[in-house]
Amino acid sequence: MALQNLLGPSPVETFVSDNFSQYWANEIDTLALAPQNRHICAFGDFPSTSRIDSNHDIVLVLNGTNSGVCPPDLDWVLPDRAGLVIADAVSAAFTRPIDFNRTDVLCWSWQKALGGEGGHGMIALSPRAQARLKADGRKPVARLMRLHNADGSVNKAFFGGRTISTPSMFAVEDIHSALDWAEACGGLPALLKRVADNYAVMADWVNSTPWIDWTCTNPAARSPCSITLRLVREQHATGEKEDDDKIVAGMIRLLEAEGAAFDIWSYGDAPPGFRIWAGPTVEAEDLAILCKWLAWAYSETCESSIPPETKVVRHGSFPPSNTRAVQPREESACLLTAALESPPPQTLADYYDAILFDATGVLISENEALPGAADILARLNMSGQPYYIVTNISSGSDETIFARLRGAGLPIPAVDRIVSAGGVTRPRVLGELAAGRQVSYVGSARAAHDIFGKHPNLHCADTAETFDTLVVLDDEGFDFKRAAEHILSTFRRRLIETGEMPRMIAANGDIIYPGKNGTLVFGPCIIGPMLQAGLAPFGAPPISVEIMGKPGRPIFEECIARAGTDRLLMVGDQVDTDIKGAKAAGLDALLVTTGLNISGELRHGENGAPDYVATNLCQIVDGSLFPPLRSAKHSSTTKSGFADRRRRIVGSS
């Protein structure tokens, strides 16, 4: 309601820190409410706030229940800002302090912190938000979402008790009862103290337990009430490092069978682990008992230990308070572990936590989708299988690439699915600039400014007389030959004057890539061999190139961090970049005979051998690459064992 009534036409800054903030960002795009700048980061942290424009609106989630992340503070929001700050406070209300001077719209739910009935939302508008609503009051908004009257004025009846439709009176009385209880506890300060006490219990347990850790590794951004935990793989026994999902599933089913804990699975996109609510209606004593049950379940699942003594668990303290004991079942919980195995995978995609797709030659050719590309992404969207587009395209920011791929007809749901070489290179280049170095780029000014922003030490390489660092972006939108000749002269002059050459950072590591009608095109990283050949007569040493995109390790490390797992499959058409890069990062790889490999003639050595070869993308989901292993997965076979058997199968097909 707030987004539809208040956003547009000025841009909006969105902070994608969990799935719910992702939902809001997607809604803004889907409904075309306003131009959007998305700030994203790895799962389990809050995005940087250093690049916001105070003239823009801001949309963020104050407490992420699935990632366990919240903004450390709102000090970066200017009091005299021009834009509005719209905050999803669903689970932040009554659980953490809220700076009302730095927020303009707050939305929260009855059902979260105070445990009331679901389906009832509240909204609070600052005077600045009301002024915006009146100014934009005649924008078309569906009746159920409309906050204004026909004349554009704020519909104050909503804020005096009127509802859009008849709510449950039980729910109304329930929230009144909860608020009475909160006041009896001592009001908001007492609720915040209860949350702090609960967090302290969980923190003590995590700090003293070697096999568990926080999903949010940044303490400043860690939610005190949405406790999200992950298994620490290094602490598992030999042979169990790839069994995180099975261990967590086993623990949770044991706890549910014993009546000790319910619905504590981690969220779908999070690493295998637990999601525990520690809001003010939860007792610290109950959480301490839960920690003992978790320790027992882990021991039972991994080491076949025995259950703890029965403890009394009080479910909140709403008056009147009745206590009951959680009684373990008479049958041994060990009998339940026989049913803990996941069903056998039916397709290649089932075996991996996420799929990584190259863009050019796999999904698109120039600006057109390749046959089957849109279909495979649509199928993965429907199944909920995570995937990322891992591309060396460096002609713009992730947002620009996202728009380009969507324009080609690919149904990519959000910009955080884009892992681009330019985006991975950005922090590295900003570090060079911050250190006072002169940086020049091979690429268009538009691309460089879109990725890095403008900086007095950032210049185009085909005009700069000297530079300390050369960044290779793309070969689009400028005269590549002219730039290469100018760079060659600059390198030679630097070599003669100082005996040294500038350092090189390559975002786009492609030396060749596919063109139209089966042709080959030199990629931007051909500049390295060209410079080496041109400088050889002058006794130049070998040119060292730091590759950030494929086949470099940084872009694959970003994929692992983004996905929260290393059980990933890289799908590409280039051996030297896609396949060798993935294998060097410890990932499995599938070579498709499209794009650069359309004739199936690419050679690969032992280090570039793919795990799979496919003639089309549909083989990832149609079971044709996986039939011999369908019955074999229903065992304790490790991932490495599967990899060995897969190679033999692929080699014989």
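Note: the structure precedes this text.
Cut-offs applied
Residues numbered from 1 in each chain as written. Predicted model: local features only at pLDDT ≥ 70, side-chain atom pairs only at ≥ 80, totals over all residues. Heavy atoms only, no water. Helix = DSSP H or I, 4+ residues; strand = E, 2+ residues; numbered from the N terminus. Buried < 20%, exposed > 50% of the residue type's maximum accessible area, 1.4 Å probe, protein only. Contact = heavy atoms within 4.5 Å. Areas by Shrake-Rupley, 256 points an atom, 1.4 Å probe, with all protein chains shown as cover. Axes fitted to C-alpha atoms, helices over the stretch in contact; angles between N-to-C directions. Parallel < 35°, antiparallel > 145°, perpendicular 65-115°, else oblique. Left-handed = near helix turned anticlockwise from the far one by under 90°. Nonpolar A, V, L, I, M, F, W, Y, C, P; charged D, E, K, R; others polar. Arc of directions from axis to C-beta. Core = buried A, V, L, I, M, F, W, Y, C linked by side-chain atoms within 4.5 Å. Pairing = 2+ DSSP bridges. Polar contact = N/O pair within 3.5 Å; in protein donor to acceptor, adjacent residues only side chain to side chain. Phe/Tyr/Trp six-rings, centres within 6.5 Å; stacked < 30°, edge-to-face > 60°. Lys NZ or Arg CZ within 6 Å of the ring centre and 35° of its normal. Expected span 1.5 Å × (residues − 1).

1. A few points about the overall build of the protein chain
For the protein chain, the helix and strand inventory stands at 16 helices and 26 strands. Considering the protein chain as a whole, with its 653 residues, one finds that 50% of them fall into the buried category. Put simply, 65% of the contacts in the protein chain that link residues at least 6 apart link residues at least 24 apart. Taken as a whole, the protein chain presents about 29300 Å² of accessible surface, with 53% of it coming from carbon and sulfur.

2. Describing the packing of helix H12 (residues 480–498) against helix H13 (residues 527–535)
Helix packing for two helices is described by the angle between their axes and how far apart those axes are. Two numbers describe how H12 lies on H13: the axes approach to 10 Å, and their chain directions differ by 50°. In terms of orientation, H12 lies oblique with respect to H13. Crossing angle aside, the handedness with which H12 passes H13 is right-handed. For the pair H12 and H13, contact is made by Phe-480, Ala-484, Ile-487, Leu-488, Phe-491 and Arg-492 and by Ile-527, Met-530, Leu-531, Gly-534 and Leu-535, respectively. Of the residues contributing to the contact of H12 with H13, the split by class is nine nonpolar, one polar and one charged.

3. Observations regarding helix H9 (residues 398–407)
Each turn of an α-helix holds 3.6 residues, which means side chains three or four residues apart point in the same direction. Within the sequence span of H9, burial applies to Asp-398, Ile-401, Phe-402 and Leu-405. Looking down the long axis of H9, one finds its buried residues gathered within 105° of arc, a one-sided arrangement. Contacts from the buried residues of H9 go to helix H2 (19–30), strand E13 (364–365), strand E15 (387–391), strand E16 (418–420) and helix H10 (421–434). After H9 finishes, the residue Gly-409 shows a positive phi value of roughly 100°.

4. Some thoughts on the nonpolar core
By size, the foremost hydrophobic cluster in this structure holds 35 residues, and its most contacted members are Phe-357, Leu-363, Ile-389, Ile-412, Val-571, Leu-590 and Leu-617. Counting only elements with at least two residues in this core, the list comes to strand E12 (354–357), helix H8 (373–383), E15, H9, strand E24 (568–572), strand E25 (588–592) and strand E26 (612–614). With four residues, the single largest contributor to this core is H8. Residues contacting Ile-412, with those up to four places away along its chain left out, are Leu-377, Tyr-387, Ile-389, Phe-402, Leu-405, Arg-406, Arg-417 and Ile-418. By size, the runner-up hydrophobic cluster in this structure holds 34 residues, among which are Tyr-441, Leu-473, Ile-555 and Ala-563.

5. Section: the sheet that holds strand E6 (residues 121–125)
Two orientations exist for strands paired in a sheet by backbone hydrogen bonds: parallel and antiparallel. Sheet architecture is open: six strands sit in the order E2-E1-E3-E4-E5-E6, paired in mixed fashion. Looking at which strands have only one partner, the edges of the open sheet turn out to be strand E2 (36–40) and E6. On average, each strand axis in the sheet is inclined to that of its neighbour by 15°, with strand direction left out of account. Here three bridges tie strand E1 (residues 12–16) to strand E3 (residues 57–61), and the two strands are oriented parallel to one another. If you follow Glu-13 over to E3, its bridge partner there is Ile-58. Along the sheet, helix H3 (residues 127–135) contacts E3, strand E5 (105–109) and E6; its crossing angle with E6, the most-contacted strand, is approximately 90°.

6. Observations regarding the environment of Ile-264
As for its placement among the helices and strands, Ile-264 is situated in the loop between helix H6 (244–257) and strand E9 (273–277). Along the primary structure Ile-264 and Val-248 are separated by 16 residues, whereas in three dimensions their C-alpha atoms are 10.0 Å apart.

7. Things to note about the pairing of E24
Burial of E24 is extensive: five of the five residues sit out of reach of the surface. Residues Leu-568, Met-570 and Gly-572 line one face of E24 and the alternating positions Leu-569 and Val-571 line the opposite face, and both faces are buried. Alignment of E12 against E24, held across four bridges, turns out to be parallel. Within E24, the position partnered with Phe-357 by the bridge is Val-571. One ladder, built from four bridges, connects E24 with E25; its direction is parallel. When the bridges of E25 are listed, Leu-569 appears paired with Asp-588.

8. Thoughts on the sheet that holds strand E19 (residues 469–472)
With respect to topology, five strands assemble into an open sheet ordered E18-E17-E19-E20-E23, the strand pairing being parallel. One side of each edge strand has no neighbouring strand; the edge strands of this open sheet are strand E18 (458–460) and strand E23 (545–547). On average, each strand axis in the sheet is tilted by 25° relative to the strand beside it, whichever way the strands run. Bridge analysis of E19 against strand E20 (residues 503–506) gives four bridges, and the strand direction is parallel. Along E20, the bridge assignment pairs Val-472 with Ala-506. The strands that H10 touches are strand E17 (439–442), E18, E19, E20 and E23; relative to E20, the one it contacts most, it runs at about 155°.

9. A closer look at the environment of Tyr-612
If you trace the backbone, Tyr-612 turns up in strand E26. Note on Tyr-612: relative accessible area 0%, which makes it buried. The spatial distance from the C-alpha of Tyr-612 to the C-alpha of Leu-625 is 7.7 Å, given a sequence separation of 13 residues. A polar contact is formed between the side chain of Tyr-612 and the side chain of Tyr-352, at a distance of 3.0 Å.

10. As for the side chain of Asp-611
Tracing the chain through its elements places Asp-611 in the loop between E25 and E26. What makes Asp-611 buried here is its relative accessible area of 0%. A distance of 2.8 Å separates a polar atom in the side chain of Asp-611 from a polar atom in the side chain of Lys-583.

11. A word on the packing of aromatic side chains
Applying the stated criterion to the full structure yields ten aromatic pairs. Taking 5.3 Å as the distance between ring centres and 25° as the angle between the ring planes, the aromatic pair formed by Tyr-199 and Trp-214 counts as stacked. Here Tyr-199, found in helix H5 (residues 187–208), pairs with Trp-214, found in strand E7 (residues 212–214); they are 15 residues apart in sequence, far enough to count as distant. Among the aromatic residues, those joined into a cluster by ring pairs are Phe-15, Phe-46 and Trp-76. Taking NZ or CZ as reference, Arg-417 lies 4.9 Å from the ring centre of Tyr-387, over its face. Looking at Arg-567, its charged tip hangs above the ring of Tyr-351, at a distance of 5.9 Å from the centre.

12. Topic: the pairing of E12
Of the two faces of E12, both are covered, the one formed by Ala-354 and Leu-356 as well as the one formed by Ile-355 and Phe-357. Across three bridges, E12 lies against E15 in parallel orientation. Its bridge partner lying in E15, Ile-355 is registered against Tyr-387.

13. A closer look at H6
The end-to-end C-alpha separation of H6 is 20 Å, in line with the 20 Å expected for 14 residues at 1.5 Å each. Burial analysis of H6 places ten of its 14 residues in the buried class, which makes it a mostly covered element. Where H6 is concerned, the buried positions are Asp-244, Ile-247, Val-248, Ala-249, Gly-250, Met-251, Ile-252, Leu-254, Leu-255 and Ala-257. Two residues or fewer after H6 comes Gly-259, characterised by a positive phi angle close to 70°.

14. Considerations on the environment of Gly-509
Inspection of the secondary structure assignment puts Gly-509 in the loop between E20 and strand E21 (512–514). Between the alpha carbons of Gly-509 and Cys-525 there is a distance of 5.3 Å; along the sequence they are 16 residues apart.

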